[in-house]
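Results of the structural survey
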Amino acid sequence: MRSPSGPQFAPVVGAGHQAPTGVEPLFPFLDLKAQFAGIRNEVMAAVSRVMESQQFILGKEGEAFEREVAARVGVRAALGCASGSDALLLALQALGVGAGDEVITTPFTFVATAASIARLGARPVFVDIQPETLNLDPDRIEGALSGRTRAILPVHLFGLPADLDPIFEVAKARAVPVIEDAAQAIDAGYKGSKVGSLGATGCFSFFPSKNLGGAGDGGLMTTNDLDLADHFRVLRNQGSRQRYTHEKLGMASRLDEIQAAVLRVKLRHLDDWTAARRRHAERYRALFREFGLDGHVKLTAEPLGFVHVYHQFTIRCPERERLREFLAGQGIPTQIYYPVPLHLQPAFAYLEHRAGEFPESEQASREVLSLPIYPEMSTEHQSAVVRSIAQFYGTA
Ligand SMILES: *Cc1c(COP(=O)(O)O)cnc(C)c1O
């Protein structure tokens, strides 16, 4: 079994299975080496600067990165931490979620979203998705509320913002906070604002394969609430503000200085990278029309007022498995995010859900296929992807 972008891909893939074929991919699903080639000198200088300083935890690079991200997202505070999963955990904990509480979220997401809720002893309460956007369906939230609901946790899946306004309406009526899982969506926009600036807090991941990826794990929380920011600052550092005084039970979850230094370099290129992803998405859409594929595969919507940052470009079709195998045979790499919705994962068996409970999520898991999309991807490779799909359907 071979994953074209190496082992660092595994945690995001979920299933991780590459369609079985003896054919080498023509190009990788994600090409971090191409990205590095363009920024090598800047990255090496930044890493070297940290090595010379010998300051690795909670230093100048981290502080500068937090300021830069806060300005970019449009919030008063940003706090780094060790991973996107920890950002979610710290956010939930800081907002008072604990044992016996319930948090509403989507079952069609990466496992960390719901695992962070469960790790605090709270119960993830799943609400099905909208089939066109693959995001939490705001119309179904009302029916999932209970006296124990403590937060709503929408995910901006694949880089497309969840429809936040109707979610805020329900949340406001119940006086519960909204936590944005923005792990896949840095720089995505909702009605003129950046994601991560609208909820009580936004949680970001800098896992290497994300749109802004570090040289290891990393995460960050954003907020406009300075008390909450202070809470994050204490919780991520052993519950401590002053050395050897521990106000709360926290954890050791900081964004280290090497990560921060590398991420600051990459942040300077993010506008260009995001623009390239969006151009590629436009080109995919045009190619699908050109090749007469509209009746065969469905593309995910980009509603008016939403800015999608295309962490993934995901299509849907009922014959997904056969298409994927055909493409693999042609050397076209694809991935399935996500093959099993969370309510059917063994780790959540204790929630006692059954197949059929969240039909939209289940159907999406059977039909979705993510095509390669990354800033450095060539036009030729993109055409090759769509041409192969057209061959499969006989429209080429
Ligand atoms: C990647 C991801 C996370 C977790 O981030 P890590 O940095 O890998 O811990 C959480 N939620 C979603 C939707 C993600 O894609």
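Everything here concerns the structure above.
Read on for a plain summary of the structure. (Residues numbered from 1 in each chain as written. Predicted model: local features only at pLDDT ≥ 70, side-chain atom pairs only at ≥ 80, totals over all residues. Heavy atoms only, no water.)

To continue, consider the sheet that holds strand 1 (residues 77-81). One open sheet holds the 4 strands; their spatial order is 1-9-8-5, and the pairing between them is mixed. The strands lining the two open edges of the sheet, one partner per strand, are strand 1 and strand 5 (179-181). Averaged over all adjacent pairs, the angle separating strand axes in this sheet is 20°, with direction ignored. Where strand 1 lies against strand 9 (residues 219-223), 5 bridges are found, and the strand directions are antiparallel. Counterpart to glycine 80 in the pairing with strand 9 is leucine 220. (Pairing = 2+ DSSP bridges. Helix = DSSP H or I, 4+ residues; strand = E, 2+ residues; numbered from the N terminus. Axes fitted to C-alpha atoms, helices over the stretch in contact; angles between N-to-C directions.)

Looking now at the nonpolar core. Core analysis: the largest hydrophobic core is formed by 40 residues, its most contacted members being Phe288 and Ile389. When contributions to this core are tallied by element, the ones reaching two or more residues are helix 9 (270-290), strand 14 (313-316), helix 10 (320-329), strand 15 (368-371) and helix 12 (379-393). Sort the elements by how many residues they give to this core and helix 12 lands first, with 7 residues. There are two domains that each give this core at least three residues, and those are domain 1 (35-267) and domain 2 (269-393). Discounting chain neighbours no more than four positions away, the residues touching isoleucine 389 are Phe288, Leu293, Ile315, Leu323, Leu327 and Leu371. One finds Ala185, Ala188, Leu255 and Trp273 within the second-largest nonpolar core, a separate group that totals 29 residues. (Core = buried A, V, L, I, M, F, W, Y, C linked by side-chain atoms within 4.5 Å. Buried < 20%, exposed > 50% of the residue type's maximum accessible area, 1.4 Å probe, protein only. Domains from an automatic or database assignment. Contact = heavy atoms within 4.5 Å.)

With their axes 9 Å apart at the nearest point, helix 4 (residues 84-94) and helix 5 (residues 111-119) run at an angle of 40° to one another. Put simply, helix 4 runs oblique to helix 5. Crossing handedness for the pair helix 4 and helix 5: right-handed. Residues Ser85, Asp86, Leu88, Leu89 and Leu92 of helix 4 touch helix 5, and the partners they reach there are Ala112, Thr113, Ser116, Ile117 and Arg119. In the contact of helix 4 with helix 5, the residues fall into 5 nonpolar, 3 polar and 2 charged. (Parallel < 35°, antiparallel > 145°, perpendicular 65-115°, else oblique. Left-handed = near helix turned anticlockwise from the far one by under 90°. Nonpolar A, V, L, I, M, F, W, Y, C, P; charged D, E, K, R; others polar.)

For the rest of this paragraph, the subject is helix 4. Among the 11 residues of helix 4, 9 are classified as buried, and the element is accordingly described as predominantly covered. Among the residues making up helix 4, those that are buried are Gly84, Asp86, Ala87, Leu88, Leu89, Leu90, Ala91, Leu92 and Ala94. The backbone nitrogen of serine 85 lies 3.4 Å from a side-chain oxygen of the residue at the head of helix 4, namely serine 83. Glycine 96 lies just past helix 4 and shows a positive phi near 90°. (Polar contact = N/O pair within 3.5 Å; in protein donor to acceptor, adjacent residues only side chain to side chain.)

In this section: the packing of aromatic side chains. Per the stated rule, a full pass over the model turns up 17 aromatic pairs. These aromatic residues form a ring-pair network of at least three members: Phe29, Phe108, Phe110, Phe158, Tyr337 and Tyr338. (Phe/Tyr/Trp six-rings, centres within 6.5 Å; stacked < 30°, edge-to-face > 60°.)

The next thing to look at is the side chain of histidine 311. Within the fold, histidine 311 resides in the loop between strand 13 (306-307) and strand 14. Here histidine 311 falls in the buried class, since its relative accessible area comes to 4%. When residues no more than four places from it in sequence are discounted, the contact partners of histidine 311 are Phe158, Gly159, Gln184, Ser209, Lys210, Asn211, Arg277 and Ile373.

Under the defined criterion, the tally for this structure stands at 17 salt bridges. A salt bridge links aspartate 271 to arginine 72; the nearest nitrogen and oxygen atoms lie 2.9 Å apart. Placement of aspartate 271 in helix 9 and of arginine 72 in helix 3 (residues 60-73) is noted, with a sequence separation of 199 residues between them. The partner of arginine 150 in a salt bridge is aspartate 101, and the shortest N-O contact between them spans 3.4 Å. Of this pair, arginine 150 sits in strand 4 (residues 149-153) while aspartate 101 sits in the loop between helix 4 and strand 2 (102-105), and the two are 49 residues apart along the sequence. (Salt bridge = Lys/Arg side-chain N within 4 Å of Asp/Glu carboxyl O.)

Helix length check: helix 3 (14 residues) gives 20 Å between terminal C-alpha atoms against 20 Å at 1.5 Å per residue, within 8%. Buried within helix 3 we find Glu61, Gly62, Ala64, Phe65, Glu66, Val69, Ala70, Arg72 and Val73. One or two residues past the end of helix 3 sits glycine 74, with phi positive at roughly 85°. (Expected span 1.5 Å × (residues − 1).)

Attention now moves to the pairing of strand 14. Of the two faces of strand 14, the one lined by Phe313 and Ile315 and the one lined by Thr314 and Arg316 are each fully buried. With 2 bridges connecting them, strand 12 (residues 298-299) and strand 14 associate as antiparallel partners. When the bridges of strand 14 are listed, lysine 298 appears paired with arginine 316. Bridge count between strand 14 and strand 15: 4 bridges; the pairing is antiparallel. Bridge pairing in strand 15 links phenylalanine 313 to leucine 371.

On to unusual backbone geometry. With an omega of 0°, the peptide bond running from tyrosine 337 to tyrosine 338 counts as cis. Inspection of the secondary structure puts tyrosine 338 in the loop between helix 10 and helix 11 (359-367). One non-glycine residue, phenylalanine 158, adopts positive backbone phi at about 65°. You can see phenylalanine 158 is positioned in the loop between strand 4 and helix 6 (164-174). You will see that glutamine 238, though not glycine, has its phi angle at about 60°, which is positive. Note that glutamine 238 resides in the loop between helix 7 (226-235) and strand 10 (240-242).

All quantities given are derived from atomic positions and should not be read as evidence of function.
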